[in-house]
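Structural characterization, general
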Amino acid sequence: MKKLVLLLCSSLLAACSSSSLPSKASLDGEVFYLQRIALPPTATLNVSLQDVSLMDAPAVTLASQNGPINGSVPLPFHLSYDPAQVKPGHRYAVSARIEADGKLLFINTEHHGVQLDGSDPQPVRIKVDAVR
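Quick look at the structure, then. Since this is a predicted model, take the numbers as computed values, not measurements.

Definitions and limits used
Residues numbered from 1 in each chain as written. Predicted model: local features only at pLDDT ≥ 70, side-chain atom pairs only at ≥ 80, totals over all residues. Heavy atoms only, no water. Helix = DSSP H or I, 4+ residues; strand = E, 2+ residues; numbered from the N terminus. Polar contact = N/O pair within 3.5 Å; in protein donor to acceptor, adjacent residues only side chain to side chain. Contact = heavy atoms within 4.5 Å. Core = buried A, V, L, I, M, F, W, Y, C linked by side-chain atoms within 4.5 Å. Buried < 20%, exposed > 50% of the residue type's maximum accessible area, 1.4 Å probe, protein only. Salt bridge = Lys/Arg side-chain N within 4 Å of Asp/Glu carboxyl O.

**Concerning the side chain of Gln50**
- Note on placement: Gln50 falls in strand S2 (residues 43-51).
- A polar contact of 3.5 Å, which involves the side chain of Gln50, links it to the side chain of Thr61.
- Once residues lying within four places of it in the same chain are set aside, the contact partners of Gln50 are Ala59, Val60, Thr61, Leu62, Arg91, Tyr92, Ala93 and Ser95.

Here it is as structure tokens:
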């Protein structure tokens, strides 16, 4: 009987400790450009959170947002990701691009690294540059 009670108590403790871990985390930010031009009505924004640790392999996408653009710059984004996918010692970055009718209009040309440990300033601001 004591073993059964002990087993039940340890099961409850394990359930409580695992439920305290967040199942989702998020990163909020905005994409902007310096040119004073309006985007075409068909423009879409794509923002991705990626693990960029491996130099000889493609980046692994943890989260992405892709959709039509409503309004003008700055363009807000919200990325929800699973914190269990974040690995110690790995490097993470956010990238952004604006396209219209299958044509790339703007893309970030600078690295936007994030720590994903709660220390990242929010909103994350990503400047994109025009593609010529």
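Picking up where we left off.
**Topic: the nonpolar core**
- Within the largest apolar cluster, 28 residues are counted, with the highest numbers of intra-cluster contacts made by Val31, Leu39, Leu49, Val94 and Ile98.
- Every element with two or more residues in this core is listed here: strand S1 (25-32), S2, strand S3 (60-68), strand S4 (75-81), strand S5 (92-100), strand S6 (103-107) and strand S8 (124-127).
- For this core, the element with the highest residue contribution is S5, accounting for five residues.
- In this structure Val94 touches Leu27, Val47, Ser48, Leu49, Phe77, Leu79, Asn108, His112, Val114 and Ile126, once residues within four positions along its chain are discounted.

**Notes on the pattern of salt bridges**
- Applying the stated criterion across every chain yields a total of three salt bridges.
- Glu30 serves as the salt-bridge partner of Arg125, at 2.4 Å between the closest nitrogen and oxygen. Highlighted residues: Arg125 in strand S8 and Glu30 in strand S1, separated in sequence by 95 residues.
- Judged by relative accessible area, which is 45%, Arg125 ranks as partly exposed.
- Note that Lys127 and Asp129 form a salt bridge whose closest N and O atoms lie 2.8 Å from each other.

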